[in-house]
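Notes for the structure review
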Number of protein chains: 2
Amino acid sequence: MDLRHLRYFVTVAEEGHITRAAERLGIQQPPLSQQIRALEEELEVQLFRRKPRGVEMTEAGKALLVDARRILDEVEGALSRAKRTARGEQGRLEVGFTSSAPFHPFVPRVIRLFRENHPKVSLVLEESGTSNLVAALRAERLDVAFIRSAMPKGEGIRVYPLLDEEMFAALPKGHPLARARNEHLKLTYLAAEPLVLYRRASGPGLHDGIVAACRTAGFNPRIVQEAPRITSTLNLVAAGLGASLVPESLRRMRLEGVVFRPLAPRPRLVAPLRLACRSVDHVPAAQRFVALVRREAKVLP
Amino acid sequence: MDLRHLRYFVTVAEEGHITRAAERLGIQQPPLSQQIRALEEELEVQLFRRKPRGVEMTEAGKALLVDARRILDEVEGALSRAKRTARGEQGRLEVGFTSSAPFHPFVPRVIRLFRENHPKVSLVLEESGTSNLVAALRAERLDVAFIRSAMPKGEGIRVYPLLDEEMFAALPKGHPLARARNEHLKLTYLAAEPLVLYRRASGPGLHDGIVAACRTAGFNPRIVQEAPRITSTLNLVAAGLGASLVPESLRRMRLEGVVFRPLAPRPRLVAPLRLACRSVDHVPAAQRFVALVRREAKVLP
DNA sequence: CCATTGCCATACTCATTAGATATGGATTTT
DNA sequence: AAAATCCATATCTAATGAGTATGGCAATGG
């Protein structure tokens, strides 16, 4: 069985006429007669009755015609789907992000953009810590991930810088340091403060950056608690357990009981936003996604 | 595009290994490599990534695999459906019958039998007069028909005798002749009776048989009304408009107000039941039906 | 009623291509 | 480092799809 047989069969069925069908197919009549006959012999079924003026379908032929048309359609559909998938216009893309990533407007914006440009790609979003995200990338449970670390160690992962956010101090409402809302806060003022930080295991990059900055400022931070999610961190701050240091975009949470203050420019403390993917990735949609995100990152202020 | 390509592709995808796939397909490895490559070139899509130990599907390949499997299944299904149709095990069969036919248990029995043996053939039943039925057969609106005439004139129709039923007199309840219920009734007793008969145009065979028998018995029947259906005939008898002559099987109607009496053996008056079909019929299910009905007719008492 | 026409089938040839064999190259395993 | 594994390439053969020529059969038209 060959698709050519089906195509020929459908044409002959439609024309009711081998000679005309051959014309339409751009071949000669005898080969077409032979192919039809070959198909009949293969199926051990007579598909046409030869009449002096053309051919006439048998019942079996009528039954096959319905199926043959559908099959040919499906083949076309399958091919175009395969091509679309190869162009990254279809398929499934699993995107991971750290708990803090979606607060920066850049992340929801590029996701929305991608959905608009590739409506046939079904996006699966997953939130987790940077370490988990990178592991998931390696295990191919994820295709791309928004992370906070500067650079995960280990091969096979490529990380593109997207943007750097200023870090802000998050202070419990009513805290003495929380009064001068919009003024720069020197990091050293936090030396004696109890700190609540995002769990190091989840996001070592951000955590280590904070500790390093504190050391540069001349003190060892007093970390009283670590939370598994950046949002939990802020809730703990609101509960008065201590202060925290979070990326600026977290301000938009407008959490009751938390006051944000910008940090003094030195020591510089920034929260990088990065896009991680496999260095060799064959998921076309992922490549598209990476390209789109990098393009958008460039036009940032 | 060729179904072979799809089959090869599916096998390679399943094995993840061109060499093993070639073994399973019963060909050598190089041609298989070539075919896969040819498929990729035709689609302009990479389907596999060549790895040192086997091959690995791309996203486009995964997308195609799903479709390819389904298409191959559908092709198989289409072929078997075509074969089944050719064997008359599937399709559509339009069966006609005169209004009196279904009262004889033979007709419902063979229809039930056929349904059991050919569950995939959808039966369409249509009631009409013998003349209409034969015309419908010619026009291919029907495939087979149970009729009452001995032989319709004209070419292209073949008629098989199935059985002959005795004719019974149907008398209005309370009619003098209706008293001796189970005794033979001599046809001459009906000479003066008003008769209600099945319309000649609908079933000329039965009608003419009755008139001929009356003439043999020595009288011209006094036909006061003709009804388009045998059941209407009996209703008219019940209403007292006259007597009628109907096939024995009509007795099972047990119509209130009608009394049946067997007729005297001479002149013999029988109602034939016949099966009509086209002499050249290419509907396989019709051939099956005819064969079954004839076989069943032979085992009748 | 015979000649013509239209259409499909058959016979044969040619061109294409699927498949076989041999071999090379890359990478992992031992 | 050698062997093994597996895919790719090159070349040849065989199968087959397509083309050309022709015959046969039934319907149509004088």
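Residues numbered from 1 in each chain as written. Chains lettered and ligands numbered in written order. Predicted model: local features only at pLDDT ≥ 70, side-chain atom pairs only at ≥ 80, totals over all residues. Heavy atoms only, no water.

**Focus: the overall build of chain A**
Looking only at helices and strands, chain A features nine helices and 11 strands. Sorting the 301 residues of chain A into buried and exposed places 52% on the buried side. The long-range share in chain A, meaning contacts at least 24 apart out of those at least 6 apart in sequence, stands at 74%. Looking at chain A as shown, the accessible area adds up to about 14500 Å², and 48% of this sits on carbon and sulfur atoms. (Helix = DSSP H or I, 4+ residues; strand = E, 2+ residues; numbered from the N terminus. Buried < 20%, exposed > 50% of the residue type's maximum accessible area, 1.4 Å probe, protein only. Contact = heavy atoms within 4.5 Å. Areas by Shrake-Rupley, 256 points an atom, 1.4 Å probe, with all protein chains shown as cover.)

**Remarks on empty space enclosed by the protein**
All names here are of chain B. Enumeration over the complete set of coordinates arrives at two cavities of 30 Å³ or more. Size it by volume and the largest cavity reaches roughly 50 Å³. Taken together, Leu197, Tyr198, Leu206, His207, Ile210, Ile230, Thr233, Ser244, Leu245 and Val246 make up the lining of the largest cavity. Counting residues per element, the ones that place at least two in the lining of the largest cavity are strand 7 (194-198), helix 7 (204-217), helix 8 (230-238) and strand 9 (244-247). In terms of residue class, the lining of the largest cavity is made up of seven nonpolar, three polar and no charged. Around the second largest cavity, the lining residues are Leu185, Leu187, Leu263, Ala264, Arg266, Pro267 and Leu269. Of the residues that constitute the lining of the second largest cavity, the class distribution is six nonpolar, no polar and one charged. (1 Å grid on protein atoms, 1.4 Å probe; cavity = no way out; pocket = protein on both sides within 12 Å on 5 of 7 lines; lining within 4 Å. Points joined across faces, edges and corners; volume = space filled by probe spheres on them. Nonpolar A, V, L, I, M, F, W, Y, C, P; charged D, E, K, R; others polar.)

**Examining the environment of Pro272 of chain B**
Among the secondary structure elements, Pro272 of chain B is positioned in strand 11 (residues 270-278). Along the backbone, Pro272 of chain B and Glu166 of chain B are 106 residues apart, and their C-alpha atoms lie at a distance of 8.7 Å.

**Topic: the protein's contact with DNA strand D**
Taken together, 21 residues sit near DNA strand D, with Tyr8 and Gln28 of chain A together with His17, Thr19 and Arg50 of chain B positioned nearest. In DNA strand D, atoms within 4 Å of the protein come 76% from sugar and phosphate. Here a phosphate oxygen of DNA strand D sits 2.9 Å away from a polar atom, N or O, in the main chain of Gln28 of chain A. Ser33 of chain B has a polar side-chain atom sitting 3.2 Å from a phosphate oxygen of DNA strand D. When residues of the surface near DNA strand D are traced back to their parent elements, those giving at least two are helix 1 (3-15) and helix 3 (29-43) of chain A together with helix 2 (18-25), helix 3 (29-43) and strand 2 (54-57) of chain B. Broken down by element, the residue count for the surface near DNA strand D peaks at four residues, all from helix 3 of chain B. Among the residues making up the surface near DNA strand D, the classes are represented as nine nonpolar, seven polar and five charged. (Near = heavy atom within 4 Å. Polar contact = N/O pair within 3.5 Å; in protein donor to acceptor, adjacent residues only side chain to side chain.)

**Focus on the packing of helix 5 (residues 106-117) of chain B against helix 9 (residues 284-298) of chain B**
Residues and elements named next belong to chain B. Remark: helix 5 packs on helix 9, axes separated minimally by 10 Å, with the N-to-C direction vectors making an angle of 130 degrees. Judged on the interaxial angle alone, helix 9 and helix 5 are oblique. As for how helix 5 packs across helix 9, the hand of that crossing is right-handed. The segment helix 5 lies against helix 9, with Phe106, Arg109, Val110, Ile111, Leu113, Phe114 and Asn117 engaging Ala285, Arg288, Phe289, Leu292, Val293, Glu296 and Ala297. Among the residues making up the contact of helix 5 with helix 9, the classes are represented as 10 nonpolar, one polar and three charged. (Axes fitted to C-alpha atoms, helices over the stretch in contact; angles between N-to-C directions. Parallel < 35°, antiparallel > 145°, perpendicular 65-115°, else oblique. Left-handed = near helix turned anticlockwise from the far one by under 90°.)

**Some points on the pairing of strand 3 (residues 90-97) of chain B**
All names here are of chain B. Across the eight residues of strand 3, six count as buried, placing the element largely inside the fold. Summarising the sheet, strand 3 and strand 4 (residues 120-127) pair through eight bridges and their orientation is parallel. Across the sheet, residue Gly91 finds its bridge partner in strand 4, namely Val121. Read from strand 3 through helix 5 to strand 4, the crossover connection turns out right-handed. In this sheet, strand 5 (residues 144-147) lies alongside strand 3 in parallel orientation, the contact comprising three bridges. Residue pairing for strand 5: Phe97 is matched across the bridge by Phe146. (Pairing = 2+ DSSP bridges. Right-handed = clockwise from strand over helix to strand, strands pointing away.)

**Focus: the relation of the copies chain B and chain A**
Mapping chain B onto chain A calls for a screw motion: a turn of 178 degrees about the axis and a shift of 0.0 Å along it, with 0.4 Å RMSD after fitting. Considering both components of the superposition, the chain copies are consistent with a two-fold axis. Comparing interface residues between copies, 100% of those in chain B also lie at the interface in chain A; the contact surface is shared. (Least-squares fit on C-alpha atoms with pLDDT ≥ 70 in both.)

**Quick notes on the protein's contact with DNA strand C**
Neighbouring DNA strand C are 23 residues, the closest being His17, Thr19 and Arg50 of chain A together with Tyr8 and Gln28 of chain B. The contact in question runs from a phosphate oxygen of DNA strand C to an N or O atom on the side chain of Ser33 of chain A, over 3.1 Å. Tyr8 of chain B has a polar side-chain atom sitting 2.7 Å from a phosphate oxygen of DNA strand C. Counting only elements with at least two residues in the surface near DNA strand C, the list comes to helix 2 (18-25), helix 3 and strand 2 (54-57) of chain A together with helix 1 (3-15) and helix 3 of chain B. Per-element accounting of the surface near DNA strand C gives the leading share, five residues, to helix 3 of chain A.

**A closer look at the interface of chain B and chain A**
Taken together, the 27 residues of chain B in the interface contact 27 residues of chain A. Both faces considered, chain B and chain A share a buried interface measuring about 2700 Å² in area, 66% of it formed by carbon and sulfur atoms. Summed over the three residues of chain B that lose the most area to chain A, namely Met1, Glu59 and His282 of chain B, the buried surface amounts to 19% of that side. Along the contact surface separating chain B from chain A lie four salt bridges. One salt bridge connects Glu74 of chain B with Arg70 of chain A, and the closest N-O pair in it is separated by 2.6 Å. Our count for the chain B to chain A interface comes out at four residue pairs in polar contact (both at pLDDT 80 or more). Only helix 1 and helix 4 (59-86) of chain B provide two or more residues apiece to the side of chain B that touches chain A. Top contributing element to the side of chain B that touches chain A by residue count: helix 4 of chain B, with 16 residues. Tallied by class, the residues present in the side of chain B that touches chain A amount to 15 nonpolar, two polar and 10 charged. (Buried area = accessible area lost by both parts, 1.4 Å probe. Salt bridge = Lys/Arg side-chain N within 4 Å of Asp/Glu carboxyl O.)

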